Amino acid sequence: MADDKLEYDPIGVIHTPFESPEGMPIQPAGADATGTVELAPRYAAGLQDLAEFSHCILLYHFHASDDDVSLTVEPFLDETERGLFATRAPQRPNPIGLSVVEIDTVTGREITVNGVDVVDGTPLLDIKPFVPQFDAPDDVDAGWLETSQSAVHSKRADDRFC
Ligand SMILES: C[S@@+](CC[C@H](N)C(=O)[O-])C[C@H]1O[C@@H](n2cnc3c(N)ncnc32)[C@H](O)[C@@H]1O
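What you see is a predicted model, and the numbers here were worked out from it, not measured in a lab.

Asks: For this particular structure, what's the right way to read the nonpolar core?
Replies: Burial of nonpolar side chains together is a common tendency in soluble globular proteins. By size, the foremost hydrophobic cluster in this structure holds 22 residues, and its most contacted members are V37, L58, I111, L124 and I127. Those elements giving two or more residues to this core turn out to be β2 (34–39), β3 (55–61), β6 (96–107), β7 (110–114) and β8 (122–129). With 3 residues, the single largest contributor to this core is β3. Apart from residues no more than four positions distant in its own chain, V37 is found in contact with V13, I14, L58, R109, E110, I111, V113, L124 and I127. In terms of nonpolar packing, the next biggest core, distinct from the first, is built from 10 residues, I26, L77, A157 and F161 among them.

Asks: It is not clear to me how the packing of aromatic side chains should be interpreted in this structure. Could you clarify?
Replies: Working definition: an aromatic ring pair is given by the centre-to-centre distance plus the angle between the planes. In this structure the tally under the stated criterion is 2 aromatic pairs. Residues Y60 and F62 carry aromatic rings whose centres are separated by 5.5 Å and whose planes lie at 85 degrees to one another, so their mutual orientation is edge-to-face. Ring geometry for F76 and F161: centres 5.2 Å apart, planes at 75 degrees, overall edge-to-face. Note that F76 is positioned in the loop between β4 (72–73) and β5 (82–83) and F161 in the segment after α1 (132–135), a separation of 85 residues in sequence. This pair shows no difference in class: F76 is buried, exactly as F161 is.

Asks: What should I look at first to understand the site of the ligand in this one?
Replies: Inspection of the region around the ligand gives 23 residues, with P21, P25, R88, D117 and T122 positioned closest. A64 is positioned with one of its backbone polar atoms (N or O) 2.9 Å from a nitrogen atom of the ligand. Expressed as a share of its isolated accessible area of 590 Å², the protein-covered part of the ligand is 97%. Tallying contributions element by element places β6 first for the shell around the ligand, with 3 residues.

Basis of the calculations
- By convention here, each chain's residues receive numbers from 1 onward along its written sequence.
- Totals for whole chains, interfaces and linings use every residue, but because this is a predicted model, local features are given only for residues with pLDDT of at least 70 and side-chain atom pairs only at 80 or more, for both listing and counting.
- Side-chain calculation: all heavy atoms of the structure are included, whereas hydrogens and water are not.
- Take the buried Ala, Val, Leu, Ile, Met, Phe, Trp, Tyr and Cys residues and link them wherever side-chain atoms come within 4.5 Å; each set so joined is a nonpolar core.
- For each residue, the accessible area found with a 1.4 Å probe, counting protein chains only, is set against the maximum for its type, and the residue is called buried under 20%, exposed over 50%, and partly exposed in between.
- Working definition: helices are DSSP H or I runs of at least four residues, strands are E runs of at least two. Numbering for both runs from the N terminus.
- It only takes one pair of heavy atoms within 4.5 Å for two residues to be counted as in contact.
- Between 30 and 60 degrees the pair is tilted, below 30 it is stacked and above 60 it is edge-to-face, where a pair is any two Phe, Tyr or Trp rings, Trp via its six-membered ring, whose centres lie within 6.5 Å.
- We call a residue near a molecule or strand when any one of its heavy atoms sits within 4 Å of it.
- Think of a polar contact as two N or O atoms within 3.5 Å of one another; within protein, one of them needs to be a possible hydrogen donor and the other a possible acceptor, and neighboring residues in sequence only count if both atoms come from side chains.
- Here the Shrake-Rupley method, with its probe set to 1.4 Å, supplies the accessible areas, and only the displayed protein chains count as covering residues.

This is the structure in structure tokens:
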């Protein structure tokens, strides 16, 4: 088991209309919101060719979540306690979030994206192109979310993780 400490520096920041984790969408599927991904100048050249893709994966740090991690949580879309790693709860041992967002434009060191579900000022860790053949298997079981996932469109976050 590797227990060496890891350290990452943000490569940029995500700007969104959401000032607080409370009251905002809980996934891109329910987020009719536009945001801007701003890369640090030294990474700008890495955006070459990204505009050819319709979607990208953003990996980021949940900077505004509470440090007090619980290994079972009541997720936004259920009233039952679930194992943390069977949820998308933002309060995690390594508070890393993942959002698949639609790319609108790539200009200079900025990407305009649709479907953001993060707080304004969220530190960005990485960007990857979304590729259905790699990232969207055909036969998928959505576990406990099978019956509640459609509520993602209307559900808004409360303050349980912040
Ligand atoms: C349920 S998480 C899902 C995020 C991502 N799509 C995922 O699956 O990893 C989304 C919620 O996290 C909270 N959140 C968003 N950005 C955050 C941030 N930077 N720090 C702490 N909490 C955040 C908000 O309450 C938002 O509704």
